[in-house]
Amino acid sequence: MKAKKLIPLLALVLGFSAFAGCTNSDKKVRFGNYWNVNALDTTKEAKDTEILEYDITFKAAEVSLVDYKVDYSNGKYTTRLEYVETEDLYVYTTALNITAQYTFNGETKSVDDSITSEVKFRSGEYSLQPVSSKKEIVGSTPLTVTPETVDDCFTQFHYTLETTYNADCSEGTSVITNIPAEGEPYARDNDFEIEQKKFSYLDNEQLLFALRGIPNSTSSATVLVYSPFANAVQKVSMSYATEESAEFTFLKNGAEQKGLITYRPVSLVLDEQNPGATQTVWIAKYEDATANKNRNVMLRLETPLSYGLGTLTYTLKSVSYQ
């Protein structure tokens, strides 16, 4: 029996393919620059280049829907946020590297998976309006439920995605290029319209980052995000649970930081009939928007994988500002 192709398995690990101010009639998110120490300071001096590094661990489910073992190891995730003064926009890049291991009948095959992305967008005063994005996915995914050999367990793929927007972000164009192991690459162009009268729109590659721009007053929201694989603008819902506090240890500009941090757990899920798995994100909470030492950083991310394989957990390892 063939399993549904899991292209989003890693593709959605870095983003989602979905938030509403409680009192706004148009339900648009009022973003702020809470990734800065002073969210109210919009000068050049406030815009540090930020690099975050995360370790990724995998916890397998006790029972999955496939008749073989899938494991992930050596997971690393890095993000870089840079303000480009000449263009008056932010450039946000990410890189994920992880090893997938497929085991069947005592035989194991390992594959190195990777995802890189870049998205350009404007600041919170302009609702994080995206300008363009690009992404490259080199990965593997479970192929069958009941294989005959370990080679039947998975298939490998290589895609690039590029999305551009017009000046007011009312229209976009997405190009998906499939790069097969053999033969010539082939591309598919999709044009789509964006209706932002009711909901804010975000590019898929800035979604996780955008959670850092949500004010404390917002407890739930919905945004629009274009999914290139579904060729549709989809709604993604976000809801905040009650804030919690926990002790975290990570490096900040090379020095160990250890202490109690208050965070807001956020649940992200597609607002559709078949929404799929829910991602949970821990965002550091600001106490004072003008003295926000933790900069609403993402402390942890939990991503359940399809077919009940298990969960990938991202844990903040280091922060550096330049």
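Residue indices begin from 1 for each chain and proceed along its sequence in written order. It should be noted that, the model being predicted, local features are given only for residues of pLDDT at least 70 and side-chain atom pairs only at 80 or more, the latter also being counted only at that level, while totals for whole chains, interfaces and linings use all residues. Hydrogens are left out, water is left out, and the side-chain values use all remaining heavy atoms of the structure.

Asks: Lay out a negative patch on the surface with the relevant residues and their values.
Replies: Patch building starts from residues that exceed 30% relative accessible area and form no salt bridge, then joins like charges within 9 Å and nonpolar side chains (Val, Leu, Ile, Met, Phe, Trp, Tyr) within 5 Å. Values of accessible area rely on a 1.4 Å probe in the Shrake-Rupley scheme; residue burial ignores everything except the protein chains shown. Here a salt bridge means any side-chain nitrogen of Lys or Arg lying within 4 Å of a carboxyl oxygen belonging to Asp or Glu. Note on charges: Lys and Arg go in the positive column, Asp and Glu in the negative column, and His and the chain ends are not counted at all. Charge placement uses NZ in Lys and CZ in Arg. For Asp and Glu, CG and CD serve respectively. On the surface, a cluster of negative charge is contributed by Asp 168, Glu 171, Asp 189, Asp 191, Glu 193 and Glu 195. If one sorts the elements of the negative patch by residue count, strand E8 (residues 186–193) sits on top with three residues. Position of Asp 168 relative to the elements: it lies in the loop between strand E6 (154–165) and strand E7 (171–178). Put simply, DSSP H or I for four residues or longer makes a helix, DSSP E for two residues or longer makes a strand, and each gets a number counted from the N terminus.

Asks: Mind laying out the packing of aromatic side chains, listing which residues take part and the relevant values?
Replies: Two rings from Phe, Tyr or Trp (for Trp, the six-membered ring) form a pair when their centres are within 6.5 Å of each other. A pair whose planes differ by under 30 degrees is stacked, one over 60 is edge-to-face, and the rest are tilted. Using the criterion set out here, one finds 19 aromatic pairs in the structure. Geometrically, the ring pair formed by Phe 58 and Tyr 72 is edge-to-face, given 5.2 Å between the ring centres and 75° between the ring planes. In this pair, Phe 58 sits in strand E1 (residues 50–60) while Tyr 72 sits in strand E2 (residues 69–84), placing the two residues 14 residues apart along the sequence. Here the two residues Phe 58 and Tyr 72 agree in accessibility, since each one is buried. Ring centres of Phe 192 and Tyr 226 lie 3.7 Å apart, and the angle between their planes is 0°; on these two criteria the pair is classed as stacked. Note that Phe 192 is positioned in strand E8 and Tyr 226 in strand E10 (residues 220–227), a separation of 34 residues in sequence. The buried label goes to any residue with under 20% of its type's maximum accessible area, the exposed label to any with over 50%, and the partly exposed label to all in between, with areas taken from a 1.4 Å probe on protein chains only. Residue classification places Phe 192 among the buried residues on the basis of a relative accessible area of 8%. Classification of Tyr 226 by relative accessible area gives buried; the value is 3%. Here the aromatic cluster, defined as three or more aromatic residues joined through ring pairs, consists of Trp 35, Tyr 83, Tyr 90, Tyr 92, Phe 121 and Phe 209. Taking NZ or CZ as reference, Arg 122 lies 3.7 Å from the ring centre of Tyr 126, over its face. Only Lys NZ and Arg CZ are tested; either one counts as a charge over a ring when it is within 6 Å of the ring centre and within 35 degrees of the ring normal.

Asks: Go over the pattern of salt bridges, please, and point to the residues and values.
Replies: This structure, assessed with the given rule, holds nine salt bridges. Salt-bridge contacts for Asp 55 lead to Lys 76; the nearest nitrogen and oxygen are separated by 2.4 Å. In this pair, Asp 55 is assigned in strand E1 and Lys 76 in strand E2, connecting sequence segments 21 residues apart. By relative accessible area, Asp 55 is classed as partly exposed at 27%. In this structure, Lys 109 engages Asp 151 in a salt bridge whose closest nitrogen and oxygen atoms are separated by 2.5 Å. Within this pair, whereas Lys 109 is found in strand E4 (residues 107–121), its partner Asp 151 is found in the loop between strand E5 (130–142) and E6, the two being separated by 42 residues in sequence. Overall, Lys 109 belongs to the partly exposed group, its relative accessible area being 28%.

Asks: How would you explain the environment of Ser 132 if you had to name every residue and give the values?
Replies: Tracing the sequence through the fold places Ser 132 in strand E5. The spatial distance from the C-alpha of Ser 132 to the C-alpha of Gly 276 is 27 Å, given a sequence separation of 144 residues. In what follows, a contact means two residues having at least one pair of non-hydrogen atoms within 4.5 Å. Setting aside residues no more than four positions away along its own chain, Ser 132 makes contact with Glu 118, Val 119, Lys 120, Thr 163, Thr 164 and Tyr 165.

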